[in-house]
Structure formats: structure tokens, C-alpha cells
Amino acid sequence: MDEELHERIRDAVTTVPPGTVATYGDIAALAGAPTPRLVGRVLSEDGADIPWHRVLRANGTPAPHIVHRQLELLRGEGVLADGQRIDLRTYRWRPE
């Protein structure tokens, strides 16, 4: 992956407003990434300083290894889970 795509992914994540969420696929589409997996890779390697917690899997759940921390951060922004799933119909961010 080139540096430009890497930065587009990071920039797309920073546009997700507090109190909303996006999926890895949403971010990939915004950034022009060929696959949502690249979004996960960027966030795992270089996402600590951006709102990584606002990005979920397509079914509205966090990745298992970060589920508790991610749901805690989202709760702090008013995004409430039903168990470990966020209702995307309620909280999904739709850019203009």
C-alpha cells in the first residue's frame, strides 16, 4: 500500500463525527481503498492517534480483541450497544 492511500484512510476515519460510527467498508469507499481489510490494517498499525473506535465491522460489532475498550469509548460518546452490537441504522454516519 502506498503512503497516499494510507493517509486517505486515516483522513477518512477522522471525518467520522463523535456519536456516530462507520464500517470498515464505509471508510474503504471514502478513501478509495480496494478492500476494507486495508482499513483494519492501517488502524491496527497506525491508528492510535485517530478515532479508530468509531469504525466497526459490517455487522455492527467490534473486532473481538478490542471489543471492551471500543464499546467503552463509544459509550462515552453516546453510542449504545445491544450486547456487543451497535445498531447501524441508528448510529451509522452517512457523509453528505
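Reading the values: the criteria
Residues numbered from 1 in each chain as written. Predicted model: local features only at pLDDT ≥ 70, side-chain atom pairs only at ≥ 80, totals over all residues. Heavy atoms only, no water. Helix = DSSP H or I, 4+ residues; strand = E, 2+ residues; numbered from the N terminus. Rg over C-alpha atoms; globule rule 2.2 N^0.38 Å. Polar contact = N/O pair within 3.5 Å; in protein donor to acceptor, adjacent residues only side chain to side chain. Contact = heavy atoms within 4.5 Å. Axes fitted to C-alpha atoms, helices over the stretch in contact; angles between N-to-C directions. Parallel < 35°, antiparallel > 145°, perpendicular 65-115°, else oblique. Nonpolar A, V, L, I, M, F, W, Y, C, P; charged D, E, K, R; others polar. Left-handed = near helix turned anticlockwise from the far one by under 90°.

Under an unreviewed UniProt entry, the protein chain has the name MGMT family protein and belongs to Prauserella alba.

Chemist: Please clarify how the overall build of the protein chain should be interpreted in this entry.
Modeler: Broken down by element type, the protein chain carries 5 helices and 4 strands. Traced from its N-terminal end to its C-terminal end, the protein chain shows the element sequence α-β-α-α-β-α-β-β-α. At 12 Å, the protein chain has a C-alpha radius of gyration in line with the 12 Å of a compact globule built from 96 residues. Based on the C-alpha atoms only, the size of the protein chain along its principal axes is roughly 35 × 30 × 20 Å.

Chemist: Looking at this model, I keep getting lost on the side chain of Arg-54. Mind explaining?
Modeler: With respect to the helices and strands, Arg-54 occurs in the loop between helix H3 (36–46) and strand S2 (55–56). In this structure the side chain of Arg-54 is engaged in a polar contact, spanning 2.8 Å, whose partner is the backbone oxygen of Val-16. Residues contacting Arg-54, with those up to four places away along its chain left out, are Val-16, Pro-17, Pro-18, Thr-20, Val-21, Ala-22, Gln-70, Leu-74 and Glu-77.

Chemist: Sorry, what's going on with the packing of helix H1 (residues 3–14) against H3 here?
Modeler: The angle between the axes and the distance between the axes are what describe a pair of packed helices. Remark: H1 packs on H3, axes separated minimally by 10 Å, with the N-to-C direction vectors making an angle of 85°. In terms of orientation, H1 lies roughly perpendicular with respect to H3. Only Leu-38, Val-39, Val-42, Leu-43 and Asp-46 of H3 make contact with H1, whose side of the interface consists of Leu-5, His-6, Ile-9, Arg-10 and Val-13. Partitioned by chemical class, the residues of the contact of H1 with H3 number 7 nonpolar, 1 polar and 2 charged.

Chemist: What exactly am I supposed to notice about the packing of H1 against helix H2 (residues 24–31) here?
Modeler: Running from N to C, H1 and H2 cross one another at 125°; their axes reach a closest spacing of 9 Å. If you check the angle between H1 and H2, you find them oblique. H1 and H2 meet at a crossing whose hand is right-handed. Residue-level inspection shows Leu-5, Arg-8, Ile-9, Ala-12 and Val-13 of H1 in contact with H2, the latter providing Ile-27, Leu-30 and Ala-31. Among the residues forming the contact of H1 with H2, the class breakdown is 7 nonpolar, no polar and 1 charged.

Chemist: How should the side chain of Gln-70 be read in this particular structure?
Modeler: Turning to its location among the elements, Gln-70 is positioned in helix H4 (residues 67–76). Leaving out residues up to four positions away in the same chain, Gln-70 has contacts with Trp-52, His-53, Arg-54, Val-55, Leu-56, Pro-62 and Ala-63.

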